[in-house]
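The primary structure of each chain is shown beneath.
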Amino acid sequence: MEELLRILEKNARMPIEDIAAMLDKTPEEIAAMMDEAAAKGYIRGYETLVDWEQAGVNLVEAVIELRVTPIRPAALTTSA
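Described in the following lines is the structure provided in the data block. (Residues numbered from 1 in each chain as written. Predicted model: local features only at pLDDT ≥ 70, side-chain atom pairs only at ≥ 80, totals over all residues. Heavy atoms only, no water.)

Right, let's talk about the overall build of the chain for a bit. If you tally the helices and strands in the chain, you get 3 helices and 0 strands. For the chain, the C-alpha atoms occupy an extent of roughly 80 × 40 × 20 Å along the three principal directions. Looking at the chain as a whole, 14% of its 80 residues qualify as buried. Relative to all contacts within the chain whose residues are 6 or more apart in sequence, the contacts with residues 24 or more apart total 35%. Only carbon and sulfur atoms are counted for the fraction: they give 52% of the accessible area of the chain, which is about 7,800 Å². (Helix = DSSP H or I, 4+ residues; strand = E, 2+ residues; numbered from the N terminus. Buried < 20%, exposed > 50% of the residue type's maximum accessible area, 1.4 Å probe, protein only. Contact = heavy atoms within 4.5 Å. Areas by Shrake-Rupley, 256 points an atom, 1.4 Å probe, with all protein chains shown as cover.)

Shown next as structure tokens:
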């Protein structure tokens, strides 16, 4: 199962037939393994990694670091 998951992690669109050949299994066995992995929650979905620059989309990314020091509030006083 681990080998299958590693293959899918690198290329989730690889044909089942190719994966089967790589793992010396039948396509039916691979399909069953993939169904089992999804049912057990090992596979939570499939993502597409987009190269936005290659696609001609201008994006700006920024990392903002925020440091906060908690300050205890002064004792509250009430007047009668």
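Here the narrative resumes, following the displayed structure.
Taken together, the side chains of Glu17, Asp18, Asp24, Glu28 and Glu29 present a region of like negative charge at the surface. Breaking the negative patch down by element, the ones donating at least two residues are helix H2 (16-23) and helix H3 (27-39). Within the element layout of this structure, aspartate 18 appears in helix H2. (Patch = residues over 30% accessible without salt bridge, like charges linked within 9 Å, V, L, I, M, F, W, Y side chains within 5 Å. Salt bridge = Lys/Arg side-chain N within 4 Å of Asp/Glu carboxyl O. Lys, Arg positive; Asp, Glu negative; His and termini not counted. Charge placed at Lys NZ, Arg CZ, Asp CG, Glu CD.)

Turning to unusual backbone geometry, a few remarks are in order. Although it is not a glycine, aspartate 24 sits at a positive phi angle of roughly 55 degrees. Summarising the element assignment, aspartate 24 is placed in the loop between H2 and H3. Overall, the relative accessible area of 72% leaves aspartate 24 in the exposed class.

Across the interface, H2 lies against H3 with an axial gap of 8 Å and an inter-helix angle of 100 degrees. When the interaxial angle is binned, H2 and H3 end up roughly perpendicular. In contact with Ile16, Glu17, Ile19, Ala20 and Leu23 of H2, H3 contributes Pro27, Ile30, Ala31 and Met34. (Axes fitted to C-alpha atoms, helices over the stretch in contact; angles between N-to-C directions. Parallel < 35°, antiparallel > 145°, perpendicular 65-115°, else oblique.)

Turning next to the nonpolar core. In this structure, Leu4, Ile7, Leu8, Ile19, Ala20, Leu23, Ile30, Met33, Met34, Ala37 and Ile43 together form the largest nonpolar core, which totals 11 residues. Residue assignment for this core shows that the elements contributing at least two residues are helix H1 (2-10), H2 and H3. A total of 4 residues in this core trace back to one element, the largest contributor, which is H3. Once you skip the residues sitting within four places of it in the chain, isoleucine 43 turns out to touch Leu5, Leu8, Met34, Ala37 and Ala38. (Core = buried A, V, L, I, M, F, W, Y, C linked by side-chain atoms within 4.5 Å.)

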